[in-house]
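Each chain is listed here by its residues.
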Amino acid sequence: VAKQKWNDQWWTYVRYINVDVDDDDFSYAGYTASVRYNYTPNLWFELGYDKVDPDWDTGDFGDSLVWFRTTVNF
């Protein structure tokens, strides 16, 4: 994970996940990128992108999504 705080309101991060099991020849890769806006210390909004990249011998279960998250802390 690489996280960058640009100022008190804007943050970004990227994440890379890789899993490899040699016995069963299993492999997995995942990528995430996100930008976060802190409206207040207890309320923020986050827009991100996730990419899952499996192949499993051309089963191609790879998928991607764009997500928006609102977080409120009490």
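Residues numbered from 1 in each chain as written. Predicted model: local features only at pLDDT ≥ 70, side-chain atom pairs only at ≥ 80, totals over all residues. Heavy atoms only, no water.

J.: What is the right way to read the overall build of the protein chain from this model?
T.: Summing up its helical and strand segments, the protein chain has 0 helices and 5 strands in all. The linear arrangement of helices and strands in the protein chain, starting from the amino end, is β-β-β-β-β. A buried classification covers 19% of the 74 residues belonging to the protein chain. Here the analysis covers contacts within the protein chain between residues at least 6 apart in sequence; of these, 26% occur between residues at least 24 apart. Accessible surface, the protein chain as shown: approximately 5,800 Å² in total, 54% of it carbon and sulfur. (Helix = DSSP H or I, 4+ residues; strand = E, 2+ residues; numbered from the N terminus. Buried < 20%, exposed > 50% of the residue type's maximum accessible area, 1.4 Å probe, protein only. Contact = heavy atoms within 4.5 Å. Areas by Shrake-Rupley, 256 points an atom, 1.4 Å probe, with all protein chains shown as cover.)

J.: It is not clear to me how a nonpolar patch on the surface should be interpreted in this structure. Could you clarify?
T.: A cluster of nonpolar side chains, W6, W10, V35, L47, Y49, V66 and F68, forms an exposed patch at the surface whose accessible area comes to about 760 Å². By secondary structure assignment, the location of W10 is in strand β2 (residues 10-21). (Patch = residues over 30% accessible without salt bridge, like charges linked within 9 Å, V, L, I, M, F, W, Y side chains within 5 Å. Salt bridge = Lys/Arg side-chain N within 4 Å of Asp/Glu carboxyl O.)

J.: How do you make sense of the pairing of strand β1 (residues 2-5) when you look at a structure like this?
T.: One face of the sheet, then the other: side chains in a regular strand alternate in exactly this way. Note that β1 and β2 share 4 bridges and pair antiparallel. By the bridge assignment, A2 is partnered in β2 with V14. Count of turn residues in the β1/β2 antiparallel hairpin: 4 residues. (Pairing = 2+ DSSP bridges.)

J.: In this structure, what is going on with the pattern of salt bridges? I would like to understand it.
T.: Where charged atoms from two side chains of opposite charge come close, those side chains can pair. A complete count under the given rule lists 2 salt bridges for this structure. Its salt-bridge partner being K5, residue D8 comes within 3.8 Å of it at the nearest N-O pair. In this structure K5 comes out as partly exposed when scored by relative accessible area, which is 48%. A salt bridge links R69 to E46; the shortest N-O distance between them is 3.7 Å. Linking R69 in strand β5 (residues 63-72) with E46 in strand β4 (residues 43-52), this pair joins segments that are 23 residues apart in sequence. Exposure remark for E46: the relative accessible area of 7% places this residue in the buried category.

These results come straight from atomic positions and should not be treated as a statement about function.
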